[in-house]
Amino acid sequence: VFDMILFLEDPVNDSHVLAYLPGLGHIYGLFCSWPASVGAGLLRVILILMSLVFGCWFGRQVVHHRFLRNFCGLQMFSECNGTLFIMGFSCVGSLLVGCVAYNVIMGTWELDGGMGMTMR
């Protein structure tokens, strides 16, 4: 029995599933699916820039410096160690807030988790 080699087909390889990724789908829609009107496109560019700048500032100054380094006193965040890691996570959070702001301003829930592509 142990000498037999079984060849089975992988079911995941043949399955096609519509991708719904909450959070990642929102940010993908913010960056990759542009609206037809110029005003909505300009609003997106402004919201993307504001979200990235605020996320970098908030992650570096508030989360990293004040909370993790000064308040918690964690040695791994001494000086500027780990700053880019924390800034990356805070940029993702601020981009999600930017997606919600875009949907509220436009009055429709245009940006959602549905990415409109299939996983293979």
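Residues numbered from 1 in each chain as written. Predicted model: local features only at pLDDT ≥ 70, side-chain atom pairs only at ≥ 80, totals over all residues. Heavy atoms only, no water.

All right, on to the side chain of H64 then. On the secondary structure map, H64 appears in helix α2 (residues 38-71). The buried category is assigned to H64, whose relative accessible area is 0%. Among the polar contacts made by the side chain of H64, one reaches the main-chain carbonyl oxygen of N81 at a distance of 2.8 Å. Those residues in contact with H64 that lie beyond four places of it in its chain are G59, R69, F77, E79, C80, N81, G82, T83 and I86. (Helix = DSSP H or I, 4+ residues; strand = E, 2+ residues; numbered from the N terminus. Buried < 20%, exposed > 50% of the residue type's maximum accessible area, 1.4 Å probe, protein only. Polar contact = N/O pair within 3.5 Å; in protein donor to acceptor, adjacent residues only side chain to side chain. Contact = heavy atoms within 4.5 Å.)

On to the packing of helix α1 (residues 24-32) against helix α3 (residues 83-106). Packing of α1 against α3 leaves a shortest axis separation of 9 Å and a crossing angle of 70 degrees. Taken together, the axes of α1 and α3 lie roughly perpendicular to each other. Side by side, α1 and α3 meet where H26, I27, L30 and F31 of the first sit next to V92, L95, L96 and C99 of the second. Residues that form the contact of α1 with α3 fall into these classes: seven nonpolar, one polar and no charged. (Axes fitted to C-alpha atoms, helices over the stretch in contact; angles between N-to-C directions. Parallel < 35°, antiparallel > 145°, perpendicular 65-115°, else oblique. Nonpolar A, V, L, I, M, F, W, Y, C, P; charged D, E, K, R; others polar.)

One finds I27, L30, I48, L95 and C99 forming the largest nonpolar core, which totals five residues. Every element with two or more residues in this core is listed here: α1 and α3. The contact partners of I48, leaving out residues within four places of it in the chain, are L30, F31, W34 and L95. (Core = buried A, V, L, I, M, F, W, Y, C linked by side-chain atoms within 4.5 Å.)

All right, on to α3 then. The first and last C-alpha atoms of α3 sit 34 Å apart over 24 residues, in line with the 34 Å expected at 1.5 Å per residue. Buried within α3 we find T83, I86, M87, S90, C91, S94, L95, G98, C99, Y102 and N103. (Expected span 1.5 Å × (residues − 1).)

Take the confidence of the model for the protein next. In the predicted model, the protein carries a mean pLDDT of 82, and the fraction of residues at 70 or more is 73%. Ranking the elements of the protein by mean pLDDT puts strand β2 (residues 114-119) last, at 57, and α2 first, at 94. (pLDDT = per-residue confidence, 0-100.)

Let us look at the packing of α2 against α3. The interhelical angle for the contact between α2 and α3, taken along N-to-C directions, is 140 degrees, at an axis separation of 7 Å. At the point where α2 passes α3, the crossing takes the right-handed sense. Class assignment of the residues belonging to the contact of α2 with α3 gives a composition of 17 nonpolar, eight polar and two charged. (Left-handed = near helix turned anticlockwise from the far one by under 90°.)

Residue position: L74 is located in the loop between α2 and α3. The class of L74 is partly exposed, set by a relative accessible area of 33%. Between the alpha carbons of L74 and H64 there is a distance of 10.0 Å; along the sequence they are ten residues apart. Ignoring sequence-local partners within four residues, the contact set of L74 consists of L68 and R69.

Quick look at unusual backbone geometry now. Not every positive phi belongs to a glycine, and E79 is a case in point at roughly 55 degrees. When you line up the elements, E79 lands in the loop between α2 and α3.

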